[in-house]
Amino acid sequence: MIQVVWFKRDLRTIDHAALSAAALHGPVLPLYIVEPQLWQQADVSHRQYQFLTECLAELDSALQSFGQGLVVRVGDAVDVLNQLHQDYQIAAIWSHQETWNGWTFQRDKRILAWTQQHTIPWHEPTQNGVIRRLADRDGWAIQWYKTMDKAIVPAPNKLTQISIPSDKLPSADTLGLSPDGCVAAQRGGRRRALHLLDSFLSSRGEHYTKAMSSPVTAFDSCSRLSAHLAYGTLSIREVFQALAQHQQYVRQLPTGRKGQWPSGLQSFSGRLRWHCHFIQKLEDEPRSEFENLHPAYDGLRENDFNQAYFEAWQTGHTGYPMVDACMRALIATGWLNFRMRAMVMSFASYHLWLHWRKPALHLARLFTDYEPGIHYSQVQMQSGTTGINSIRIYNPIKQGIDHDSEGHFIRQWLSELANMPIETLHTPWLAPDKMNGYPMPIVDEASARKSAAAKLYQLRKNDSHEATAKKIVKKHGSRKKSTLNTSRRRKKGGDTEMKQPKQTELAL
Ligand SMILES: Cc1cc2nc3c(=O)[nH]c(=O)nc-3n(C[C@H](O)[C@H](O)[C@H](O)COP(=O)(O)OP(=O)(O)OC[C@H]3O[C@@H](n4cnc5c(N)ncnc54)[C@H](O)[C@@H]3O)c2cc1C
């Protein structure tokens, strides 16, 4: 009889509740299932698989040091478990709760049916602050802090060695994944995650609050932990507790030596909570991966999809330097900072008037840190389809001037504009003789923005819009500061989703 620990998006041994609990019940089979069908979905990519394989290699080493290495099986998860049950008799399955894409949701339903059919217990502890079967968001943030404050679960001291053969990890090619231009990919594995956490908290993070917005500084000044959190090489609790320790240290420093740390660490702390806040939205409303959160927006863009615009946007040829530099940087590195992600998405949804679903899939494939819960919630926010957030349309010219004033980022990624003088770098069409093959703008920025805003605001005037928006806020909106009960937490609690949307910023 074996205890199967099914590793999913939790590729670590420390703070792994499923592994530690299973080890108390008998010999453990640490299992990773490579599911070829998952890797054929439209939202996954070569760069993500590459990152995964690096994480698995380190996980295997860690498990081997406890006495039993990782067993890889390739195939449909139900078939794999069925075979293991026939060969070795599964006493129980242990895996962390997973909130991922629609495909994994359906797969987990099939697994549940299979475990019930064979009366095999399937234990699913949580690994983050996401709560299953949540009625509404009242008290959610308080619960999140309680979860983050719980003790880190130690790794088991020892695992009994069992002799169960492992499949070879398939190559990306075998799974049908072709290299996708990610020439400067972020590398996976817990060792690198710990190094990033340490360097962020000890040096890189000091100017985080300011530096996170510009792509010139963000690549170094953001934590860069997102892909690690997405694959679980670190748990969000480990990050939160390391941060809390560092905050404690900074608090004790004399005022003159604190520098910008208090603000940087405070901003970072809020974002760790957002991580779970957004995944919770998808957990509560899985359809938001595919459909507008607010149904009033159904039919708004569907019939206007301009394929040529889409392709220009995908490849970084829209004629707007900041958008194009971001898209080309993303192709090459697999990462962008939040503001630039928001800008490229907003440009696709508003200026190019593309329905969000195809752009969202394209970005999902390009992000090494693809996390559906955060991704689709953000995509819908930046497309104006949640019905509860202010409409924010980023002006890419202004973003360029504000966040790449000297043009370092644009020149790095747009070789055509390497010699364009700074005076016209953000508006190269004003110096047509120096464009060097760089395209003219595919749409007029101001009129495209105004036209999109007018359509959205027109819809929001509708009486039925507000009634539905209130229900969405009740279910998904973060609560006001006052719902958090300690003064420390009161400071951290406030997002603005309880407020009804106003006509705000049209040209961020
Ligand atoms: C259109 C769009 C799509 C996005 N898709 C993803 C995605 O697929 N995966 C993903 O991890 N993030 C996504 N984000 C959120 C954010 O841009 C990234 O989390 C962040 O840039 C990752 O870099 P970092 O780890 O250095 O973040 P840091 O700034 O160092 O933040 C630390 C952690 O906090 C969390 N976090 C930060 N910002 C946000 C946010 N706005 N919402 C929720 N959590 C946040 C992430 O887990 C991040 O790793 C998206 C944002 C937008 C606008």
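The rules we used
- Residues numbered from 1 in each chain as written.
- Predicted model: local features only at pLDDT ≥ 70, side-chain atom pairs only at ≥ 80, totals over all residues.
- Helix = DSSP H or I, 4+ residues; strand = E, 2+ residues; numbered from the N terminus.
- Rg over C-alpha atoms; globule rule 2.2 N^0.38 Å.
- Contact = placed C-beta atoms within 7 Å.
- Pairing = 2+ DSSP bridges.
- Axes fitted to C-alpha atoms, helices over the stretch in contact; angles between N-to-C directions.
- Domains from an automatic or database assignment.
- Nonpolar A, V, L, I, M, F, W, Y, C, P; charged D, E, K, R; others polar.
- Buried ≥ 20, exposed ≤ 12 C-beta atoms within 10 Å, placed from the backbone.
- Arc of directions from axis to C-beta.
- Parallel < 35°, antiparallel > 145°, perpendicular 65-115°, else oblique.
- Right-handed = clockwise from strand over helix to strand, strands pointing away.
- Near = placed C-beta within 6 Å.
- Core = buried A, V, L, I, M, F, W, Y, C linked by C-beta atoms within 7 Å.
- Expected span 1.5 Å × (residues − 1).
- pLDDT = per-residue confidence, 0-100.

**Section: the overall build of the protein**
Scanning the protein from terminus to terminus reveals 23 helices and five strands. Against the compact-globule benchmark of 23 Å for 508 residues, the protein has a radius of gyration of 24 Å, which places it among compact chains. Summarising its shape, the C-alpha atoms of the protein cover approximately 70 × 55 × 50 Å along the three principal directions. Counting contacts in the protein only where the partners sit at least 6 residues apart, residues at least 24 apart contribute 80% of the total.

**Focus on unusual backbone geometry**
Its identity as a non-glycine residue notwithstanding, Arg 224 has a phi of 65°, on the positive side. Its identity as a non-glycine residue notwithstanding, Asn 436 has a phi of 55°, on the positive side. Mapped onto the secondary structure, Asn 436 falls in the loop between helix 20 (422–425) and helix 21 (445–460).

**What to know about the sheet that holds strand 5 (residues 122–123)**
Read across the open sheet, the five strands follow the order 3-2-1-4-5; overall the sheet is parallel. Each end of this open sheet is capped by a strand with a single partner; those strands are strand 3 (71–74) and strand 5. Relative to strand 4 (residues 90–94), strand 1 (residues 2–7) is paired through four bridges, and the arrangement is parallel. Along strand 4, the bridge assignment pairs Val 4 with Ile 93. Taken strand by strand, helix 3 (residues 77–88) contacts strand 1, strand 2 (28–34), strand 3 and strand 4, and its axis lies near 145° from that of strand 4.

**Comments concerning the domain arrangement of the protein**
Here the domain parsing of the protein yields domain 1 (2–127), domain 2 (190–280) and domain 3 (287–492). Between the C-alpha centres of domain 1 and domain 3 the distance comes to 35 Å. With three residues, helix 2 (residues 46–66) is the largest single contributor of residues to the side of domain 1 that touches domain 3. Of the residues belonging to the side of domain 1 that touches domain 3, the class tally is four nonpolar, five polar and two charged.

**Some words on helix 5 (residues 140–149)**
Turning to helix 5, its buried residues are Trp 140, Ala 141, Trp 144 and Met 148. End-on view of helix 5: buried residues confined to an arc of 95°, all on one side of the axis. Exposed and facing more than 90 degrees away from the buried side of helix 5 are Lys 146 and Asp 149. Residues of helix 5 that are buried make contact with helix 10 (236–252) and helix 12 (261–284).

**Notes on the packing of helix 14 (residues 321–333) against helix 18 (residues 396–403)**
At a minimum axis distance of 7 Å, the contact between helix 14 and helix 18 shows a crossing angle of 75°. Classified by the angle between their axes, helix 14 and helix 18 sit roughly perpendicular to one another. Here Pro 321, Met 322 and Val 323 of helix 14 lie close against helix 18, whose contacting residues are Pro 396, Gln 399 and Gly 400. Of the residues contributing to the contact of helix 14 with helix 18, the split by class is four nonpolar, two polar and no charged.

**Things to note about the pairing of strand 4**
Strand direction decides the pairing type here: strand 4 and strand 5, joined by two bridges, are parallel. Following the sheet pairing, Trp 94 is matched in strand 5 by His 123. Taking the sense of rotation as the criterion, the β-α-β connection linking strand 4, helix 4 (residues 102–117) and strand 5 turns out right-handed.

**Examining the site of the ligand**
Neighbouring the ligand are 27 residues, the closest being Cys 222, Ser 223, Ser 226, His 375 and Gln 378. Sorting the residues of the shell around the ligand by element identifies helix 9 (226–231), helix 12, helix 15 (338–351) and helix 17 (372–383) as the ones contributing at least two each. Residues belonging to the shell around the ligand are distributed by class as follows: 15 nonpolar, seven polar and five charged. Composition of the shell around the ligand by domain shows at least three residues from each of domain 2 (190–280) and domain 3 (287–492).

**Focus: the nonpolar core**
If you look at the biggest cluster of nonpolar residues, it comprises 109 residues, and the most contacted ones within it are Val 4, Val 5, Leu 31, Cys 326 and Val 344. If one sorts the elements of this core by residue count, helix 12 sits on top with eight residues.

**Points about the pairing of strand 3**
Two faces belong to every sheet, and in a regular strand the side chains alternate between them. Relative to strand 3, strand 2 is paired through four bridges, and the arrangement is parallel. Opposite Val 34, over in strand 3, you have Val 74 as the bridge partner. After leaving strand 2, the chain enters helix 2 and then returns to the sheet as strand 3, a path that is right-handed.

**What about helix 17?**
With 12 residues, helix 17 should cover 16 Å at 1.5 Å per step; its first-to-last C-alpha distance of 16 Å lies within 8% of that length. Taken across its 12 residues, helix 17 has 12 buried, putting it largely inside the fold. Turning to helix 17, its buried residues are Pro 372, Gly 373, Ile 374, His 375, Tyr 376, Ser 377, Gln 378, Val 379, Gln 380, Met 381, Gln 382 and Ser 383. The positive-phi residue at the C-terminal boundary of helix 17 is Gly 384, with phi of around 75°.

**Observations concerning the environment of Glu 302**
Locating Glu 302 in the fold gives a position in the loop between helix 12 and helix 13 (307–315). Residues Glu 302 and Gly 75, spaced 227 residues apart in sequence, show a C-alpha to C-alpha distance of 36 Å.

**A word on the confidence of the model for the protein**
Caution applies to low-pLDDT regions: their predicted coordinates should not be interpreted in detail. Counting all residues, the mean pLDDT for the protein is 93, and 94% of those residues have values of 70 or more. Predicted confidence for residues 482–506 stays below pLDDT 50, and this span has 42 contacts to residues more than four positions away or in other chains.

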